[in-house]
Amino acid sequence: MGRKQKSPSGIIFRARVARQTPEKLEKLAASMGHLYGGKGKPGAILDMLASGDLVLVPKTATDVIKSVAQFLEETSPSAVKLDRKRGDGTQTIPAGSQQI
């Protein structure tokens, strides 16, 4: 586990990562609206992961996602559009329906 230090605003968590990882995490955090001093706030991503507000899906799960999208398309064609060129499922929520 990474090293921890106390800080007035929380715990400072240090971990060894690839050189490009901090920049990628800053960009991801910024794209999700988590900013501090005009830059992305990677700690917010870690907080979201720890609380369960952000869920990671491995790239290998794309086959499962495609299967589910195919099933949804067959059972409810008006609710799901499957982009066959790209191979990913894009969900379209009909008006008045509830998202699960």
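Residues numbered from 1 in each chain as written. Predicted model: local features only at pLDDT ≥ 70, side-chain atom pairs only at ≥ 80, totals over all residues. Heavy atoms only, no water.

Student: I'd love a proper account of the overall build of the protein, names of residues and values included.
Tutor: Tallying secondary structure elements over the protein gives three helices and six strands in all. Its helices and strands taken in sequence order, the protein reads β-β-α-β-β-α-α-β-β from the N to the C terminus. Accessible surface, the protein as shown: approximately 8700 Å² in total, 56% of it carbon and sulfur. (Helix = DSSP H or I, 4+ residues; strand = E, 2+ residues; numbered from the N terminus. Areas by Shrake-Rupley, 256 points an atom, 1.4 Å probe, with all protein chains shown as cover.)

Student: Talk me through the layout of surface pockets; I want residue IDs and the actual numbers.
Tutor: In this model, the largest pocket occupies a volume close to 720 Å³. Ile11, Phe13, Pro42, Gly43 and Leu46 are the residues nearest the centre of the largest pocket, which is lined by 22 residues in total. Taken together, the elements giving at least two residues each to the lining of the largest pocket come down to β2 (10-14), α1 (21-31) and α2 (42-51). Sorting elements by how many residues they give to the lining of the largest pocket places α2 first, with six residues. Of the residues contributing to the lining of the largest pocket, the split by class is 12 nonpolar, six polar and four charged. (1 Å grid on protein atoms, 1.4 Å probe; cavity = no way out; pocket = protein on both sides within 12 Å on 5 of 7 lines; lining within 4 Å. Points joined across faces, edges and corners; volume = space filled by probe spheres on them. Nonpolar A, V, L, I, M, F, W, Y, C, P; charged D, E, K, R; others polar.)

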